[in-house]
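Given next are the chains, with one letter for each unit.
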Amino acid sequence: MDKQKVRDRIMEIGIVPVVRASSPGEARIAATAVCQGGIPIVEITMTVPGALDVIRELAKNSASDVLRRRRAGAWMPERNSWLARG
């Protein structure tokens, strides 16, 4: 799924649930519950320990085309720039 299709799908869904958890396991459980509830997209905050690993795992194991299109980024106000991985 290309970027435009992902954007279109997000607009169609109309919501991006945010998962903020104190452990990688809790984040995975929450993200899975969101998807099982019918919302095929979720944001994992970078405050989740091991957030990038959680995102990779969710993207790898997800049936959702939107979740498989993973992106991660962090706004760095002191640098006035984005640090991103995808």
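Here the structure is shown first, and the text comes after it.
Residues numbered from 1 in each chain as written. Predicted model: local features only at pLDDT ≥ 70, side-chain atom pairs only at ≥ 80, totals over all residues. Heavy atoms only, no water.

Student: When you look at the overall build of the chain in this model, what are you seeing that I'm missing?
Tutor: A tally of helices and strands in the chain yields four helices and four strands. Beginning at the N terminus, the succession of helices and strands in the chain can be written as α-β-α-β-α-α-β-β. Per-residue burial over the chain gives 28% buried out of 86 residues. Excluding contacts between residues fewer than 6 apart, the proportion of contacts in the chain whose partners are at least 24 apart in sequence is 57%. (Helix = DSSP H or I, 4+ residues; strand = E, 2+ residues; numbered from the N terminus. Buried < 20%, exposed > 50% of the residue type's maximum accessible area, 1.4 Å probe, protein only. Contact = heavy atoms within 4.5 Å.)

Student: Quick question: what am I supposed to make of the environment of Ile 29 here?
Tutor: Tracing the backbone shows Ile 29 in helix α2 (residues 24-36). For Ile 29 and Val 19, which are 10 residues apart along the polypeptide, the C-alpha to C-alpha distance reads 9.8 Å.

Student: Looking at this structure, I do not really get α2. What am I missing?
Tutor: In an α-helix, one full turn covers 3.6 residues, which means residues spaced three or four apart are oriented alike. An ideal rise of 1.5 Å per residue puts 18 Å on 13 residues; α2 measures up with 18 Å between its terminal C-alpha atoms. Those residues of α2 that sit buried are Ala 27, Ala 31 and Val 34. One face of α2 carries all of its buried residues, which in axial projection span an arc of 55 degrees. Structural note: α2 exposes Ile 29 and Gln 36 on the side pointing more than 90 degrees away from its buried face. On the buried face of α2, the contacting elements are β1 (18-19), β2 (43-44) and α3 (51-61). (Expected span 1.5 Å × (residues − 1). Arc of directions from axis to C-beta.)

Student: I keep staring at the nonpolar core and nothing clicks. Help me out?
Tutor: Grouped together as the largest cluster of nonpolar side chains are 11 residues: Val 19, Ala 21, Ala 27, Ala 31, Val 42, Ile 44, Val 48, Ala 51, Val 54, Ile 55 and Leu 58. Counting only elements with at least two residues in this core, the list comes to α2 and α3. (Core = buried A, V, L, I, M, F, W, Y, C linked by side-chain atoms within 4.5 Å.)

Student: Is there a simple way to explain the pattern of salt bridges in this structure?
Tutor: Should the charged atoms of two oppositely charged side chains come close, the side chains can pair. Counted by the stated rule, this structure contains three salt bridges. Across the pair Glu 57 and Arg 28 runs a salt bridge, and its minimum N-O distance is 3.5 Å. Here the residue Glu 57 occupies a position in helix α3, and Arg 28 occupies one in helix α2, the gap between them amounting to 29 residues. A relative accessible area of 27% means that Arg 28 is categorised as partly exposed. With a closest N to O distance of 2.8 Å, Arg 56 and Asp 53 form a salt bridge. (Salt bridge = Lys/Arg side-chain N within 4 Å of Asp/Glu carboxyl O.)

Student: Even after reading the chapter, I still don't get the environment of Ala 31, so can you show me in this structure?
Tutor: With respect to the helices and strands, the residue Ala 31 is situated in helix α2. Separated by 10 residues in sequence, Ala 31 and Ile 41 place their C-alpha atoms 8.4 Å apart. Non-local contacts of Ala 31, meaning those with residues more than four positions away in its chain, are made with Val 19, Val 42, Ile 44 and Leu 58.

Student: Whenever I open this one, the packing of α2 against α3 confuses me. Can you help?
Tutor: Each packed pair of helices is defined by two parameters, the angle between the axes and the distance between the axes. Running from N to C, α2 and α3 cross one another at 35 degrees; their axes reach a closest spacing of 10 Å. The way α2 lies across α3 gives a crossing that is right-handed. Judged by residue contacts, Pro 24, Ala 27, Arg 28 and Ala 31 of α2 engage Val 54, Glu 57 and Leu 58 from α3. Considered class by class, the residues forming the contact of α2 with α3 number five nonpolar, no polar and two charged. (Axes fitted to C-alpha atoms, helices over the stretch in contact; angles between N-to-C directions. Left-handed = near helix turned anticlockwise from the far one by under 90°. Nonpolar A, V, L, I, M, F, W, Y, C, P; charged D, E, K, R; others polar.)

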